[in-house]
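Here is what each chain is made of, one letter per residue.
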Amino acid sequence: MALKRLELPPPRVLLLVLSVFVGFLALEGFLLWAYGGMPLRLGLLDLLFWGALMLWSVSVRVPLPLSASMSQFFVFALALVALTPPWVSPLLSFVLQWRRKAWYKEIFNSSQIGLASALAALAWQLFQQNPVYMGSWNLSAGVGIAAASLAFFLANTTLVTTAISLANKITWREAWRKNFSWLALSYLLLSPLALLLARAYETPLRWGGWTVLFFLIPLYYSRFYWDEKVRLEQAFDTTLELLMNALEAKDPMTRLHSERVADIARDLARKVKDGDEAYAQAIYRAARLHDIGKIAIPEAVLLKPGSLTPEEFALIQSHTTKGAELLSPARKVAFDPLVYNVILYHHERWDGRGYPKRLAGHEIPEEARIVGLADAYEAMTAGRPYREAKTPEEALREVQELSGHQFDPRLVEAFTELWNQNPIWRDRQAYLEAKEGSVSHSTSSPRSSDSASPSPSEPGPRTSEE
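Residues numbered from 1 in each chain as written. Predicted model: local features only at pLDDT ≥ 70, side-chain atom pairs only at ≥ 80, totals over all residues. Heavy atoms only, no water.

Within an unreviewed UniProt entry, the label attached to the protein reads 3'3'-cGAMP-specific phosphodiesterase 2, and the organism entered is Thermus thermophilus.

And the structure:
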């Protein structure tokens with residue numbers, strides 16, 4: 001019974017976990033064999049002091065996207081590399097990482113950090129045994145700690161990124177970009193502090209620990225920067241939800257429209273990008289926001305059931321530029337260019353007759369073409385007071401007829417393949433029932449005109465190019 005309850009990761013993840021664990025044991029065994037005769041230099045109280053610092057750094061780690069986290073553990077691990085025989089830091093790193101998670105996560109976390117420490121120790125020893133001089137200056141310590149830092153960083157981030165990529169089925173590059181690309185510079189700049197801590201501990205005025213504790217101040221502030229960056233991104237996500245709630249309050253149909261468009265667009269993005277989950281999720285997030293500019297459109301125009309004047313129609317069309325302007329303060333902090341491309345260009349057409357820039361063909365960003373097709377299909381099957389809803393079959397035929405005119409032909413082919421697989425979003429009623437339980441009252445008398453569709457852009461009788 002105990003074996004049946006044992007939680008197992010996917011086979012590829014399990015293979016990585018076991019490989020890293022065996023790799024750590026092998027390298028730690030080699031270090032003990034090769035350097036076991038070196039004097040320890042630190043007493044038990046010294047090791048307890050450094051162990052306490054390591055535990056502290058683990059307890060104040062910063063959460064990162066995709067279930068990862070980051071701490072300043074590496075600074076103390078590198079300081080021990082410079083203070084002790086090469087086997088000590090990897091062993092302590094392995095033992096002090098346990099945090100009561102799933103067994104395979106515990107083994108992986110401890111093994112990868114131990115392996116990174118072991119490689120850092122080897123890099124350090126390489127330059128201690130082969131000194132580097134510039135004239136009369138011995139650069140071995142500086143070059144050694146730089147090499148150790150680089151070895152630790154590359155091993156740690158490579159293994160963690162690989163695990164994230166396998167577990168979340170996203171590309172390795174995307175996993176690294178989201179979690180570590182922005183950390184690399186501050187990580188490497190902090191690494192020389194490890195040598196400073198080691199040297200301060202070796203040459204104390206009274207006890208080197210006081211000096212080490214003093215240097216925790218800049219470490220705290222660097223950790224504070226990491227934490228604030230993550231919190232800022234979370235705050236923008238919360239703001240996003242508030243904006244969507246505000247738009248939903250203005251037009252109750254918007255949430256169901258945006259959610260269905262996002263689901264269609266995510267599947268289509270995954271299809272055309274050969275299963276790239278990170279890209280599909282980015283498209284989903286952008287699609288949820290594609291109509292955010294309608295917050296700035298007066299309700300009298302947005303919810304008008306009859307014909308629009310040319311001025312009103314132009315105002316409706318302005319929701320693309322207004323949406324991009326609304327989110328512009330977050331451009332370099334919370335949202336990628338992909339989000340702005342979707343908001344700004346999802347009403348452009350393949351033949352150049354769309355808006356706001358009248359882009360054509362591949363001038364239109366791919367993400368905007370994907371969301372634009374999803375938006376049109378949702379609008380065609382939704383129905384409006386001024387237009388009856390089309391059946392899924394009728395909507396598919398219209399999408400196919402407009403291939404090469406409104407839509408990218410390659411996307412139409414991929415969309416047709418997806419449609420034939422009968423996804424939940426294919427039939428709007430089935431989709432709404434799955435989302436809401438029973439929403440027949442919502443679909444029998446829809447009030448809003450919030451979405452795109454394949455009709456030409458012109459004022460007068462309401463079209464769905466809005």
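So that's the structure; there's more coming.
(A) Spotlight on a negative patch on the surface. Taken together, the side chains of Glu393, Glu394, Asp427 and Glu433 make up a negatively charged region of the molecular surface. Within the secondary structure, glutamate 393 is located in helix 20 (residues 392–401). (Patch = residues over 30% accessible without salt bridge, like charges linked within 9 Å, V, L, I, M, F, W, Y side chains within 5 Å. Areas by Shrake-Rupley, 256 points an atom, 1.4 Å probe, with all protein chains shown as cover. Salt bridge = Lys/Arg side-chain N within 4 Å of Asp/Glu carboxyl O. Lys, Arg positive; Asp, Glu negative; His and termini not counted. Charge placed at Lys NZ, Arg CZ, Asp CG, Glu CD. Helix = DSSP H or I, 4+ residues; strand = E, 2+ residues; numbered from the N terminus.)

(B) Quick peek at unusual backbone geometry. Cis peptide bonds are those with omega within 30 degrees of zero, and the linkage from tyrosine 355 to proline 356 qualifies with 15 degrees. Phi at arginine 358 takes a positive value of approximately 55 degrees, unusual for a residue other than glycine. On the secondary structure map, arginine 358 appears in the loop between helix 18 (337–345) and helix 19 (366–382). Residue classification places arginine 358 among the exposed positions, given a relative accessible area of 53%. Unusually for a residue other than glycine, asparagine 422 sits at a positive phi of about 55 degrees. By relative accessible area, which is 51% here, asparagine 422 ends up exposed. (Buried < 20%, exposed > 50% of the residue type's maximum accessible area, 1.4 Å probe, protein only.)

(C) View of the packing of helix 7 (residues 140–168) against helix 10 (residues 192–202). Where helix 7 meets helix 10, the axes come as close as 9 Å, and the angle between the chain directions of the two elements is 130 degrees. Taken together, the axes of helix 7 and helix 10 are oblique relative to one another. Contact with helix 7, carried on its side by Ala141, Gly142 and Ile145, involves Ala194, Leu195 and Arg199 of helix 10 and no other residues of that element. Taken together, the residues that form the contact of helix 7 with helix 10 break down as four nonpolar, one polar and one charged. (Axes fitted to C-alpha atoms, helices over the stretch in contact; angles between N-to-C directions. Parallel < 35°, antiparallel > 145°, perpendicular 65-115°, else oblique. Contact = heavy atoms within 4.5 Å. Nonpolar A, V, L, I, M, F, W, Y, C, P; charged D, E, K, R; others polar.)

(D) Structural context of the environment of alanine 163. Relative to the helices and strands, alanine 163 resides in helix 7. Each C-alpha atom of the pair alanine 163 and lysine 105 lies 9.8 Å from the other, and the pair is 58 residues apart in sequence. Those residues within four positions of alanine 163 in sequence are excluded, and the remaining contacts are Leu16 and Phe108.

(E) Summary view of the UniProt feature "transmembrane region" (unreviewed entry) in the protein. Per the UniProt entry, the sites bearing "transmembrane region" (unreviewed entry) are residues 13–35, 74–95, 107–127, 139–168, 180–201 and 207–226 in this numbering. This span, residues 74–95, is 82% helix and 0% strand, and a straight line between its end C-alpha atoms measures 14 Å. (UniProt positions renumbered as here; feature names shortened; annotations may be inferred.)

(F) Molecular detail of the side chain of glutamate 28. Examined against the element boundaries, glutamate 28 turns out to sit in helix 2 (residues 11–35). Accessibility expressed as a relative area gives 6% for glutamate 28, which makes it buried. Beyond its immediate chain neighbours, meaning those up to four positions away, glutamate 28 contacts Trp87, Pro90 and Leu91.

(G) Spotlight on the packing of helix 20 against helix 21 (residues 409–420). For the pair helix 20 and helix 21, interaxial distance at closest approach is 10 Å and the crossing angle is 160 degrees. Between helix 20 and helix 21, the angle falls in the class roughly antiparallel. Relative to helix 21, helix 20 is oriented so that their crossing is left-handed. Between helix 20, through Pro392, Glu393, Leu396, Val399 and Gln400, and helix 21, the contact on the second element is made entirely by Val412, Phe415, Thr416 and Trp419. The residue inventory of the contact of helix 20 with helix 21, partitioned by class, reads six nonpolar, two polar and one charged. (Left-handed = near helix turned anticlockwise from the far one by under 90°.)

(H) The pattern of salt bridges, seen in detail. Counted by the stated rule, this structure contains twelve salt bridges. Several salt bridges share partner residues, and in doing so they unite Arg260, Glu378 and Arg428 into one network.

(I) Highlighting the packing of aromatic side chains. For the structure shown, the criterion picks out seven aromatic pairs. On the numbers, 5.9 Å between centres and 40 degrees between planes, the contact of phenylalanine 30 with tryptophan 33 is tilted. Of this pair, phenylalanine 30 and tryptophan 33 both sit in helix 2, three residues apart, which is roughly one turn of the helix. The exposed category is assigned to tryptophan 33, whose relative accessible area is 69%. Between tryptophan 103 and tyrosine 104 the ring centres are 5.8 Å apart and the planes differ by 85 degrees, which places this aromatic pair in the edge-to-face class. Assessed through its relative accessible area of 29%, tryptophan 103 is described here as partly exposed. By relative accessible area, tyrosine 104 is classed as buried at 11%. (Phe/Tyr/Trp six-rings, centres within 6.5 Å; stacked < 30°, edge-to-face > 60°.)

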